[in-house]
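Architecture at a glance
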Amino acid sequence: QVQLVESGGGLVQAGGSLRLSCAASGGTFSRVAMGWFRQAPGKEREFVAAISWTGVSTAYADSVKGRFTISRDNTKNTVYLQMNSLKPEDAAVYYCAADQGSGALNIRPSSYDYWGQGTQVTVSS
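Residues numbered from 1 in each chain as written. Predicted model: local features only at pLDDT ≥ 70, side-chain atom pairs only at ≥ 80, totals over all residues. Heavy atoms only, no water.

With respect to the pairing of strand S4 (residues 33–39)
Working note: regular strand, side chains alternate between the two faces of the sheet. Test applied: In this scheme, a residue with accessible area under 20% of its type's maximum is buried, one over 50% is exposed, and one in between is partly exposed, where area comes from a 1.4 Å probe on protein chains only. In DSSP terms, a helix is any run of H or I states spanning at least four residues, a strand is any run of E spanning at least two, and both are numbered starting from the N terminus. At least two DSSP bridges between two strands are needed for those strands to be called paired.
A large share of S4 lies buried, amounting to six of its seven residues. In this sheet, strand S9 (residues 92–99) lies alongside S4 in antiparallel orientation, the contact comprising seven bridges. Residue pairing for S9: Arg38 is matched across the bridge by Tyr94. Note that S4 and strand S5 (residues 46–51) share five bridges and pair antiparallel. Bridging across to S5, Met34 finds its partner in Ile51. Hairpin connection of S4 to S5: six residues between the antiparallel strands, including Gly42 at a positive phi of 75 degrees.

This is the structure in structure tokens:
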């Protein structure tokens, strides 16, 4: 059983930056792929970024490419999402998730086994 706790959300002006963190406990963090998703009010949860367990492979949604960077530190059991050049449309609850499956980078929420409680990101225009 993997427990995930996100932090780092908050209010930021458009064009600003935030770094989200997701601390994992339980399970074998260094052997699971990790993902970030977000959900805005009235919308479905959507893929943001994913990273392989080695950290070598990453994937991003087109809407965040070039602005967001996912990384991980397996010595700290933590995955990060650096968000730069934030836009009002980036506002959402951001969730991290762990995928104990095939090792591929999945973009579907249903592929992930464990989820954090989410952290709110608000972007003012």
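Some remarks on the nonpolar core
Note the following rule: Here, nonpolar core refers to any group of buried Ala, Val, Leu, Ile, Met, Phe, Trp, Tyr and Cys residues whose side-chain atoms link them within 4.5 Å. Throughout, a residue-residue contact means that at least one pair of heavy atoms, one from each residue, lies within 4.5 Å.
Within the largest apolar cluster, 34 residues are counted, with the highest numbers of intra-cluster contacts made by Leu4, Met34, Trp36, Leu81, Met83 and Tyr94. Looking at this core, the elements that each hand over two or more residues are strand S3 (18–25), S4, S5, strand S7 (68–73), strand S8 (78–83), S9 and strand S11 (119–124). The contact partners of Met83, leaving out residues within four places of it in the chain, are Gly16, Ser17, Leu18, Leu20, Arg67, Phe68, Tyr94 and Val121.

Structural notes on unusual backbone geometry
Even without being a glycine, Asn77 presents a positive backbone phi close to 50 degrees. Topologically, Asn77 is positioned in the loop between S7 and S8. The residue Ser85 is not glycine, and still its phi comes out positive at about 50 degrees. By relative accessible area, Ser85 is classed as partly exposed at 41%.

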